[in-house]
Amino acid sequence: YDAQSAARIDAALRAAGIIPMDLSCSVDRFGRMTAEIRLDAEGGERVNRAILMRELSRACGRDFDVPCVTEIAGGKLLTISEKAALCVDFGAAQYACGDNRLCGDAYEYFADGKGRSVMILSDGMGQGGRAAVDGAMASGLMARLVKAGFGFDCALNIVNSAMLFKSGDESLATVDVACIDLFDGRAEFFKAGAPATILRRGGKVSCAEGASLPAGILKEVSFDHSSATLSRGDIVLMVSDGVVADGMDWIGVELEVWKNGTASQLAEHIADYARRRRQ
């Protein structure tokens with residue numbers, strides 16, 4: 001913990017009219033600084049993220065990134081870390097099965113305020129409204145727990161318990177997580193019943209896959225874990241089983257030839273191609 005920097009941050013916030021209920025500042029083993037600021041409900045409504053970034057950067061002599069804001073009892077928790085070397089372009093595309101209005105796949109993506117970007121994809125069992133509820137519950141609860149500081153394995157156990165006791169009927173969902181450290185490019189992949197994640201690194205395609213069970217089946221559940229190191233221009237493609245129902249070879253080909261489009265454009269392209277391939 002860096003008490004001197006915490007004191008400078010506190011003074012800077014108060015000068016800007018932001019009164020923190022609690023504040024801490026720490027520097028990890030790699031020299032990266034992270035500040036956590038707890039505000040009451042009124043102060044949380046008043047805070048301007050741009051002003052917060054500017055004041056912290058000025059007080060500590062470091063460049064800070066956009067803060068992660070988590071709702072807590074009686075206020076908000078702001079977590080803000082140094083600006084990382086890499087950034088992520090997110091994109092998502094989704095099609096419901098058949099004529100269903102609701103889709104069983106649900107996703108979340110966010111920066112955790114500590115220099116990491118997290119993507120969560122969940123696929124609820126079946127089709128339609130019930131599958132949509134299961135998928136949204138699994139991805140949404142997982143995201144809230146990770147934002148609150150829970151580790152991925154612990155968060156999965158809580159999601160699993162929630163799925164088991166949600167109703168008397170069978171209820172399950174896959175949980176697929178990718179966590180990317182934007183300082184050094186290390187990416188970790190956590191899979192519970194999810195299909196492979198396809199990577200394009202340095203122009204070459206590979207996969208991160210696992211063989212674990214979805215949440216909601218057994219009392220004990222665990223992630224299958226793998227990792228890879230990414231650099232500028234690399235692609236991480238997370239998919240649900242609807243995309244890979246007719247095999248995965250075509251996805252690798254599409255990623256290899258993909259040039260200069262945004263993440264949203266790539267997601268739309270893969271989803272549309274997968275839909276056209278289905279019988």
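Look above for the structure.
Residues numbered from 1 in each chain as written. Predicted model: local features only at pLDDT ≥ 70, side-chain atom pairs only at ≥ 80, totals over all residues. Heavy atoms only, no water.

Okay, the sheet that holds strand β3 (residues 68–72) next. Pairing between the strands of a sheet comes from backbone hydrogen bonds, and it takes one of two forms, parallel or antiparallel. Reading across from one edge, β1-β2-β4-β3 is the order of the four strands in this open sheet, with antiparallel pairing throughout. Whereas interior strands pair on both sides, the edge strands pair on one side only; in this sheet they are β1 (22–27) and β3. Each neighbouring strand pair of the sheet contributes to a mean axis angle of 15°, computed without reference to strand direction. In the sheet, β1 pairs with strand β2 (residues 33–40) via six bridges, with the strands oriented antiparallel. Within the sheet, the bridge partner assigned to L23 lies in β2 and is I37. (Pairing = 2+ DSSP bridges. Helix = DSSP H or I, 4+ residues; strand = E, 2+ residues; numbered from the N terminus. Axes fitted to C-alpha atoms, helices over the stretch in contact; angles between N-to-C directions.)

Take S240: it is sitting in the loop between β12 (235–237) and α6 (249–257). Sequence separation of S240 and A178 is 62 residues, and the distance between their C-alpha atoms is 14 Å. S240 has contacts with D105, L121, D123 and P195, leaving out every residue within four places of it along the chain. (Contact = heavy atoms within 4.5 Å.)

Next up on the list: the packing of aromatic side chains. This model, assessed by the stated rule, comprises five aromatic pairs. Here Y107 and Y109 contribute two aromatic rings whose centre-to-centre distance is 6.3 Å and whose plane-to-plane angle is 5°, an arrangement assigned as stacked. Judged by relative accessible area, which is 38%, Y107 ranks as partly exposed. In this structure, K147 packs its charged tip against the face of F110, placed 4.9 Å from the ring centre. Here the guanidinium or amino end of R276 rests over the ring plane of Y273, the centre of that ring lying 5.3 Å away. (Phe/Tyr/Trp six-rings, centres within 6.5 Å; stacked < 30°, edge-to-face > 60°. Buried < 20%, exposed > 50% of the residue type's maximum accessible area, 1.4 Å probe, protein only. Lys NZ or Arg CZ within 6 Å of the ring centre and 35° of its normal.)

Our next topic: a nonpolar patch on the surface. A surface patch of nonpolar side chains, amounting to about 260 Å² of accessible area, comprises L213, I217 and L218. Topologically, L213 is positioned in the loop between β10 (204–208) and β11 (224–229). On the basis of relative accessible area, L213 is assigned to the partly exposed category, the value being 45%. (Patch = residues over 30% accessible without salt bridge, like charges linked within 9 Å, V, L, I, M, F, W, Y side chains within 5 Å. Areas by Shrake-Rupley, 256 points an atom, 1.4 Å probe, with all protein chains shown as cover. Salt bridge = Lys/Arg side-chain N within 4 Å of Asp/Glu carboxyl O.)

Now for the sheet that holds strand β6 (residues 116–124). Strand order in the open sheet formed by five strands is β5-β6-β7-β8-β11, with antiparallel pairing between adjacent strands. Unpaired on one side and paired on the other, β5 (105–111) and β11 mark the two borders of the sheet. Between one strand and the next, the sheet's axes are offset by a mean angle of 15°, whatever the strand orientation. Alignment of β5 against β6, held across seven bridges, turns out to be antiparallel. Paired with E108 across the two strands is I120, which belongs to β6. Across the sheet, helix α5 (residues 152–165) touches β6, β7 (173–181) and β8 (186–192), and the angle it forms with β7 is around 160°.

Two residues of an α-helix separated by three or four positions point the same way, owing to the 3.6 residues in each turn. When the terminal C-alpha atoms of helix α7 (residues 263–277) are compared, their 21 Å separation across 15 residues agrees well with the 21 Å that a helix rising 1.5 Å per residue should span. Among the residues of α7, those classed as buried are A263, L266, A267, I270, A271 and A274. Projected onto a plane normal to the axis of α7, the buried residues spread over an arc of 125° and lie on a single side. On its buried face, α7 sits against β12 and α6. (Expected span 1.5 Å × (residues − 1). Arc of directions from axis to C-beta.)

With respect to the element layout, L156 can be found in helix α5. L156 sits in the buried class, given a relative accessible area of 0%. Considered as a pair, L156 and R38 are 118 residues apart in the sequence and their alpha carbons are 26 Å apart. In this structure L156 touches M142, V175, A192, A215, V221, S222 and F223, once residues within four positions along its chain are discounted.

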